[in-house]
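Descriptive analysis of the structure
In case you want the letters, here they are:
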Amino acid sequence: MLNSPQTASPLLAARQLGKTVKTGTEQLTILHDIEFSLPAGESLAIIGTSGSGKSTLLALLAGIDQPSHGDVQLDGQSLAALDEDGRARLRGQLAGFVFQSFQLLPDFTALENVLVPLELHGVADATARATHWLERVGLGARLDHTPRQLSGGEQQRVALARAFAGAPRIVFADEPTGSLDTATGAHIADLMFELNAAAGTTLVLVTHDPKLAARCSWQLQLQGGHQIALHPNTAPDGWPA
Ligand SMILES: Nc1ncnc2c1ncn2[C@@H]1O[C@H](COP(=O)(O)OP(=O)(O)OP(=O)(O)O)[C@@H](O)[C@H]1O
Ligand SMILES: [Mg+2]
C-alpha cells in the first residue's frame, strides 16, 4: 500500500471499505474504497468538509455500522467475520468513545455515567476505578452531579473519563470539541491527548479543526466519500513525529 502507515500487525485497518445506502429508488455511495493501516499507539485524524463521510467512516471502523463492501480489522479481528453481538463484545473490550454531544445519561450522576459501562463489562473495583478517572479529569469534587449541573466542558470531561476508564486500546472521537467554545475545546483536546499518551491508547479522531488534526500522527482526508489524502504529520523520514 502506498503512502500509508505500515506495520506487521496494525491495531486498526480498513480494506476497500465502502458504504452504499438506498435513498428512495437510488443507490448512493457515501464511502468509496477506504484503505489504511494504523499501528497501535498512533493517532489518526479523519478530516473533510461537512457531508464528506467522516462520521460514517468512524461508525464503520468502530463496528457500529456495517460496510457494503470491504472489511475492518480491529486488533487483528475481522469485523465482517463477527455478528452484531460479537462486534459489540469486541467494542466493549477494546474501544472507548467520545462524541460531540457528550451522550451522557441525563438522570445519572457523573460517577454513575463512568461506572455503568464498567459494571456492564464486569470490571472489578468499578467504583474505585470510575472515581479515579473522574479525579484524573479534574472532577473529583463533582462525582454526584448530573449532566445538567455541569458545563459543556465538564460534561465532556466526564465523557473522557468514561472513555478511558475501561482501559481501551483504541478511542474513537467524533468532533469531541465541536460543541465547545474555543478555549474550552482547547482544554478538552489537551486533556484527551494527554490521557491518550499516558495510556498508550490508539486514537481515531474526526475533526473539522486543522489544529487538532495536526496533533495526530496521521491525517486521512475525505472528499465526497473518497479518501483523497493519507499522510503522516510528519517527520523528515516520513514517519510520524
Ligand atoms: N443512512 C443514510 N442514508 C442516506 N444518506 C446518508 C446516510 N448516512 C449518511 N448519509 C449521507 O452521507 C454523507 C456523509 O455523512 P456523514 O455524516 O458521514 O458526514 P460527515 O463528514 O460526518 O459530516 P459532518 O461534518 O456534517 O458531521 C452525507 O451526505 C449524509 O447525508
Ligand atoms: Mg459527522
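Residues numbered from 1 in each chain as written. Chains lettered and ligands numbered in written order. Predicted model: local features only at pLDDT ≥ 70, side-chain atom pairs only at ≥ 80, totals over all residues. Heavy atoms only, no water.

Some remarks on the site of ligand 1
In plain terms, the rule: By convention in these notes, a residue is near a molecule or strand provided one of its non-hydrogen atoms lies within 4 Å of it. Two N or O atoms form a polar contact when they lie within 3.5 Å of each other; inside protein one atom must be a possible hydrogen donor and the other a possible acceptor, and for residues adjacent in sequence the pair counts only when both atoms belong to side chains. Per-residue and other accessible areas were derived by the Shrake-Rupley procedure at a 1.4 Å probe size, with only the shown protein chains allowed to occlude residues. A run of H or I in DSSP counts as a helix once it spans at least four residues, and a run of E counts as a strand once it spans at least two, with each numbered from the N terminus. Under the scheme applied here, ten amino acids are nonpolar (Ala, Val, Leu, Ile, Met, Phe, Trp, Tyr, Cys and Pro), four are charged (Asp, Glu, Lys and Arg), and all others, including Gly, are polar.
For ligand 1, the full set of nearby residues is Val-21, Thr-23, Ile-30, Thr-49, Ser-50, Gly-51, Ser-52, Gly-53, Lys-54, Ser-55, Thr-56 and His-208. Residue Ser-55 places a main-chain N or O atom 2.9 Å away from an oxygen atom belonging to ligand 1. Look at ligand 1: alone it shows 640 Å² of surface, and the protein chains cover 57% of it. Of all the secondary-structure elements, those providing two or more residues to the shell around ligand 1 are strand S1 (12–23) and helix H1 (54–61). A total of 3 residues in the shell around ligand 1 trace back to one element, the largest contributor, which is H1. Among the residues making up the shell around ligand 1, the classes are represented as 2 nonpolar, 9 polar and 1 charged.

Some thoughts on the packing of aromatic side chains
Quick note on the threshold: Any Phe, Tyr or Trp ring, taking Trp's six-membered ring, that has another such ring centre within 6.5 Å forms a pair; planes under 30 degrees apart are called stacked, those over 60 apart edge-to-face, and the others tilted. The rule is simple: take the accessible area with a 1.4 Å probe, protein chains only, and divide by the maximum for that residue type; under 20% is buried, over 50% is exposed, in between is partly exposed.
According to the stated counting rule, one finds 3 aromatic pairs in the structure shown. Ring geometry for Phe-97 versus Phe-99: centroids 6.0 Å apart, planes at 5°, classification stacked. The exposure class of Phe-97 is buried, given its relative accessible area of 18%. Residue classification places Phe-99 among the partly exposed residues on the basis of a relative accessible area of 24%. Between Phe-97 and Phe-172, the ring centres sit 5.5 Å apart and the planes meet at 20°, which makes this aromatic pair stacked. Taken together, the positions of Phe-97 in strand S6 (residues 95–99) and Phe-172 in strand S7 (residues 170–174) put the pair 75 residues apart, joining distant regions of the chain. The pair formed by Phe-97 and Phe-172 is uniform in burial state, with each residue classed as buried. These aromatic residues form a ring-pair network of at least three members: Phe-97, Phe-99 and Phe-172.

Notes on the pattern of salt bridges
What counts is decided by this rule: Here, a salt bridge means any side-chain nitrogen of Lys or Arg that lies within 4 Å of a carboxyl oxygen of Asp or Glu.
Throughout the structure, instances matching the rule amount to 7 salt bridges. The salt bridge involving Lys-19 is made with Asp-65; its shortest N-O contact spans 3.2 Å. Note that Lys-19 is positioned in strand S1 and Asp-65 in the loop between H1 and strand S4 (69–74), a separation of 46 residues in sequence. Here Arg-215 makes a salt bridge to Asp-190, at a shortest N to O gap of 2.9 Å. Taken together, the residues span a long stretch of sequence, with Arg-215 in the loop between helix H7 (210–214) and strand S9 (218–223) and Asp-190 in helix H6 (residues 182–199) at a distance of 25 residues. Since its relative accessible area comes to 40%, Arg-215 is described here as partly exposed.

Section: the environment of Thr-182
For Thr-182, the location among the structural elements is in helix H6. By relative accessible area, which is 73% here, Thr-182 ends up exposed. Linking Thr-182 and Gly-70, residues 112 residues apart in sequence, is a C-alpha distance of 37 Å.

As for the side chain of Gln-219
Quick reminder of the rule: We call two residues in contact whenever any of their non-hydrogen atoms come within 4.5 Å of each other.
Mapped onto the secondary structure, Gln-219 falls in strand S9. Among the polar contacts made by the side chain of Gln-219, one reaches the side chain of Asn-233 at a distance of 3.0 Å. With sequence-adjacent residues up to four places away left out, Gln-219 is seen in contact with Leu-44, Ala-45, Ile-47, Ala-213, Ala-214, Ala-229, Leu-230, His-231 and Asn-233.

A word on the environment of Val-116
Secondary-structure assignment places Val-116 in helix H3 (residues 110–120). In this structure Val-116 comes out as partly exposed when scored by relative accessible area, which is 25%.

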